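Listed here are the chains, written in short residue letters.
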Amino acid sequence: MSFARLLGPALFLSLLAAGVVPASAARDPADLAGYRALYSLTLDRPDVAGSAVGVAGRLAIDFADACTGYALSQRLMMAVTDSDGTTRDNDFVISTWESHDGLTLRFNLNNDIDGQPVERYAGLARLKSHKQGGKVTFTEPAGDTMALPPGTVFPTEQIRRLIIAAEKGETFRADTVFDGSGADGLTDSSGAIGRKTPAHAAPAGTPLAALDGEPSWPMRIAYFALHDTDAVPQYEIGLRLFANGVAGDLLLDYGDFAVRATLVHLALSPTPNCRGK
């Protein structure tokens, strides 16, 4: 697995924390708004083969409703130590813009290990409709293209659909998702949705205190190579997802080892005034 794929769930995480509309505000299902969040990364389960026996790092996210679409800036800095005591410093940065209708995604991704670039992707993905497919045109690597099959969704649209399914009482949601991380960024996802918790109460002063009164659902999302859902997933994510899109602590399970992401700071942004834009 490349380290871009290893860090792939971070993009999912960044979109889970979106949608910080106050619980008291009237809103459409899966309304998303802006926030800034910081997560602390630690090792939850080591690799028995020794490739990951220690993890330390942070994930910083800035998500905003830009009126015509959702803008995301994310940086994940993670140090992974193996059983020999060697540590790799990983710096994963992605910026995206996804249209409100979910049909257009602009993306720019940089992944460095120990200060050396290992992956660079940038470009534009467009869908003809949600029932039809589309195309990705890369500006980096320049000139590369790839087809998107019918039914493909982009990351924010995936989260909206999971929340809407949960609100309807559904227990499963499957989507084909393109997240901007090259050819490997096109995956099939399977989401198991647990029983609804009617309301949430968090102690004052904690990152999730703003979510008092929000319902939530435990979820387990598995990501597979395209058309290979009978195989072992590339990675899985365990989380509690709130009705406004915010996720608390997460478990990022890569099969060989697992990383826990703990929310340590959450700052909500006011709903933008998009009238006339």
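Residues numbered from 1 in each chain as written. Predicted model: local features only at pLDDT ≥ 70, side-chain atom pairs only at ≥ 80, totals over all residues. Heavy atoms only, no water.

> Describe the overall build of the chain, naming the residues involved and giving the relevant values.
A tally of helices and strands in the chain yields three helices and 15 strands. Partitioning the contacts of the chain with sequence separation of at least 6, the portion at a separation of at least 24 is 52%. Taken as a whole, the chain presents about 12,100 Å² of accessible surface, with 51% of it coming from carbon and sulfur. (Helix = DSSP H or I, 4+ residues; strand = E, 2+ residues; numbered from the N terminus. Contact = heavy atoms within 4.5 Å. Areas by Shrake-Rupley, 256 points an atom, 1.4 Å probe, with all protein chains shown as cover.)

> I'd love a proper account of unusual backbone geometry, names of residues and values included.
Put simply, E140 and P141 share a cis peptide bond, and its omega is 0 degrees. Non-glycine residue D114 carries a positive phi angle of around 55 degrees. Among the secondary structure elements, D114 is positioned in the loop between β5 (104-113) and β6 (116-127). A relative accessible area of 44% means that D114 is categorised as partly exposed. With a phi close to 60 degrees, H227 is a non-glycine residue in the positive phi region. Within the secondary structure, H227 is located in the loop between β12 (216-225) and β13 (235-242). (Buried < 20%, exposed > 50% of the residue type's maximum accessible area, 1.4 Å probe, protein only.)

> Give a description of helix α3 (residues 155-167) that names residues and reports values.
An α-helix turns once per 3.6 residues; consequently, residues spaced three or four apart project the same way. Along its 13 residues, α3 runs 19 Å from first to last C-alpha, staying within 8% of the 18 Å computed at 1.5 Å per residue. With 11 of 13 residues buried, α3 lies mostly within the body of the structure. Following α3 by one or two positions, G169 adopts a phi angle in the positive range, close to 85 degrees. (Expected span 1.5 Å × (residues − 1).)

> Please set out the pattern of salt bridges residue by residue, giving values where relevant.
Across all of its chains, the model carries 10 salt bridges by this definition. The residue R45 makes a salt bridge to D253 at a minimum N-O spacing of 3.0 Å. On the criterion of sequence distance, the pair formed by R45 in strand β1 (residues 35-45) and D253 in strand β14 (residues 247-253) is long-range, its members being 208 residues apart. Owing to a relative accessible area of 30%, R45 belongs among the partly exposed residues under this scheme. By relative accessible area, D253 is classed as buried at 11%. We note a salt bridge from R75 to D91, for which the minimum N-O separation is 2.6 Å. Residue R75 is found in strand β3 (residues 69-81), and its partner D91 is found in strand β4 (residues 87-99); the two are separated by 16 residues along the sequence. The exposure class assigned to R75 is partly exposed, which follows from its relative accessible area of 38%. Salt bridges linked by common partners bring R45, R220, E236 and D253 together as one network. (Salt bridge = Lys/Arg side-chain N within 4 Å of Asp/Glu carboxyl O.)

> Account for the environment of S181, with residues named and values stated.
Mapping S181 onto the fold places it in the loop between β10 (172-178) and β11 (186-193). Separated by 87 residues in the primary sequence, S181 and I94 place their C-alpha atoms 9.0 Å from one another.

> Any chance you could break down the environment of S189 for me, citing the residues and the numbers?
Checked against the element boundaries, S189 lands in strand β11. C-alpha separation for the pair S189 and A222, spaced 33 residues apart in sequence, amounts to 5.5 Å. One polar contact links S189 to Q158, side chain to side chain, over a distance of 3.4 Å. (Polar contact = N/O pair within 3.5 Å; in protein donor to acceptor, adjacent residues only side chain to side chain.)

> Could you give an account of the environment of P215, with specific residues and numbers?
With respect to the secondary-structure elements, P215 resides in the loop between β11 and β12. For P215 and A201, which are 14 residues apart along the polypeptide, the C-alpha to C-alpha distance reads 9.8 Å. The contact partners of P215, leaving out residues within four places of it in the chain, are K196, T197, P198, A199, L241, F242 and A243.

> Describe the nonpolar core, with residues and values.
Counting 59 residues, the largest nonpolar core has F178 and M219 as the members making the most contacts within it. With residues up to four places along the chain from it excluded, the contact list for M219 reads L162, A166, A192, I193, I237, G238, L239 and L241. (Core = buried A, V, L, I, M, F, W, Y, C linked by side-chain atoms within 4.5 Å.)

> Summarise the pairing of strand β7 (residues 134-140); cite the residues concerned and give the values.
Bridge count for β6 against β7 is six bridges, and the pairing is antiparallel. When the bridges of β7 are listed, A122 appears paired with E140. Remark: six residues form the turn of the hairpin made by β6 and β7, two consecutive strands paired antiparallel. Across five bridges, β7 lies against strand β8 (residues 142-148) in antiparallel orientation. (Pairing = 2+ DSSP bridges.)

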